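Secondary and tertiary structure notes
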Amino acid sequence: MNTTYKIAIGADHAGVDLKETVAELLKAWGHEVTDMGTMTKNSCDYSDYANAVASSIADGTNDRGILICRSGIGMSIAANRWVGVRAALCRTAPAAALSRQHNDSNLLCLASAYVDNESVEDVLDAWLHADFEGGRHERRVVKSSGSPCNGRTRNWRASSRRKDAGKATTLS
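Residues numbered from 1 in each chain as written. Predicted model: local features only at pLDDT ≥ 70, side-chain atom pairs only at ≥ 80, totals over all residues. Heavy atoms only, no water.

1. Describing helix 4 (residues 93–101)
- Among the residues of helix 4, those classed as buried are A96, A97, S99 and R100. One side of helix 4 holds all its buried residues, which, seen down the axis, span an arc of 155°.
- In this structure, the buried residues of helix 4 make contact with strand 3 (64–69), strand 4 (87–89) and helix 5 (120–129). (Buried < 20%, exposed > 50% of the residue type's maximum accessible area, 1.4 Å probe, protein only. Helix = DSSP H or I, 4+ residues; strand = E, 2+ residues; numbered from the N terminus. Arc of directions from axis to C-beta. Contact = heavy atoms within 4.5 Å.)

Structure below.
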């Protein structure tokens, strides 16, 4: 069975060309794509597009997202600030599959400096078709992100923080 998703995509000026390739592939595969910019190669701030895509996942408007900048690092840092978003920077198909299987990633970050128009198809295919394995991975994902796997966001900060979390402990 082929699952189709509502996918938001975004890029800064360094990722525009790869974003166009990604959008074409996703549409050809039957996904609903929302392009949140940028549309030009004029210098811009990656965080504007990371926030637009990540917020659309956090609020449930889109199922998944894809962000592209030169290194992918800035996009992944900005996107992971959003509760319920699990952004993974992946350069290869195996890494993309593992980001889904072990981390339940819902936002794929790509580096235009390392992922080209030829290799991106394999990366996307692996990410879109890998399923979250749950089990021990679910416990770890909840511990690291505070948000439930395969679910929508919730206010976890107050409800699931341990009373002693973040306090210094002296070990003898």
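What follows continues from the structure just given.
2. Topic: the packing of aromatic side chains
- Counted by the stated rule, this structure contains zero aromatic pairs.
- Here R64 stacks its cationic end above the ring of W127, 4.9 Å away from the centre of that ring. (Phe/Tyr/Trp six-rings, centres within 6.5 Å; stacked < 30°, edge-to-face > 60°. Lys NZ or Arg CZ within 6 Å of the ring centre and 35° of its normal.)

3. Examining the pairing of strand 5 (residues 107–111)
- With respect to burial, strand 5 is a largely interior element, five of its five residues being buried.
- Burial along strand 5 is two-sided: L107, C109 and A111 facing one way and L108 and L110 facing the other are all buried.
- By the bridge criterion, five bridges tie strand 3 to strand 5 in an arrangement that is parallel. Opposite I68, over in strand 5, you have L110 as the bridge partner.
- Since strand 4 and strand 5 lie parallel, the crossover through helix 4 that links them has a hand, and here it is right-handed. (Pairing = 2+ DSSP bridges. Right-handed = clockwise from strand over helix to strand, strands pointing away.)

4. Re a nonpolar patch on the surface
- A contiguous nonpolar surface patch, about 260 Å² in accessible area, is contributed by I73, I77 and L89.
- Tracing the chain through its elements places L89 in strand 4. (Patch = residues over 30% accessible without salt bridge, like charges linked within 9 Å, V, L, I, M, F, W, Y side chains within 5 Å. Areas by Shrake-Rupley, 256 points an atom, 1.4 Å probe, with all protein chains shown as cover. Salt bridge = Lys/Arg side-chain N within 4 Å of Asp/Glu carboxyl O.)

5. Regarding the sheet that holds strand 1 (residues 6–11)
- With respect to topology, five strands assemble into an open sheet ordered 2-1-3-5-4, the strand pairing being parallel. Of all the strands in the sheet, the pair left with one neighbour each is strand 2 (32–35) and strand 4. When the angles between neighbouring strand axes are averaged without regard to direction, this sheet yields 20°.
- Along the sheet face, helix 1 (residues 16–28) touches strand 1, strand 2, strand 3 and strand 5 and points at about 165° away from the line of strand 1. (Axes fitted to C-alpha atoms, helices over the stretch in contact; angles between N-to-C directions.)

6. A short note on the environment of G30
- Looking at the element boundaries, G30 is found in the loop between helix 1 and strand 2.
- You can call G30 partly exposed: its relative accessible area is 44%.

7. Comments concerning the confidence of the model for the protein
- Here the protein shows a mean pLDDT of 85. Residues at 70 or above account for 77%.
- Note on residues 150–172: pLDDT is under 50 here. Beyond four places in sequence and across chains, it has 20 contacts. (pLDDT = per-residue confidence, 0-100.)

8. Section: the pairing of strand 3
- Most of strand 3 is tucked away: six of the six residues are buried.
- Residues R64, I66 and I68 point to one face of strand 3 and G65, L67 and C69 to the other, with burial holding for every one of them.
- When strand 1 meets strand 3, the two strands line up parallel, connected through five bridges. Residue A8 lies in a different strand from strand 3, and its bridge partner there is G65.

9. As for the pattern of salt bridges
- Within the structure shown, the criterion is met by five salt bridges.
- In this structure, D17 engages K41 in a salt bridge whose closest nitrogen and oxygen atoms are separated by 2.9 Å. Of this pair, D17 sits in helix 1 while K41 sits in the loop between strand 2 and helix 2 (46–58), placing them 24 residues apart in sequence.
- Exposure remark for D17: the relative accessible area of 43% places this residue in the partly exposed category.
- Note that K19 and D35 form a salt bridge whose closest N and O atoms lie 2.7 Å from each other. One end of the pair, K19, is in helix 1; the other, D35, is in strand 2, and 16 residues separate them in sequence.
- Judged by its relative accessible area of 0%, K19 is buried.
- You can call D35 partly exposed: its relative accessible area is 28%.
- Each of K19, E20 and D35 takes part in salt bridges that share partners, so that together they form one network.

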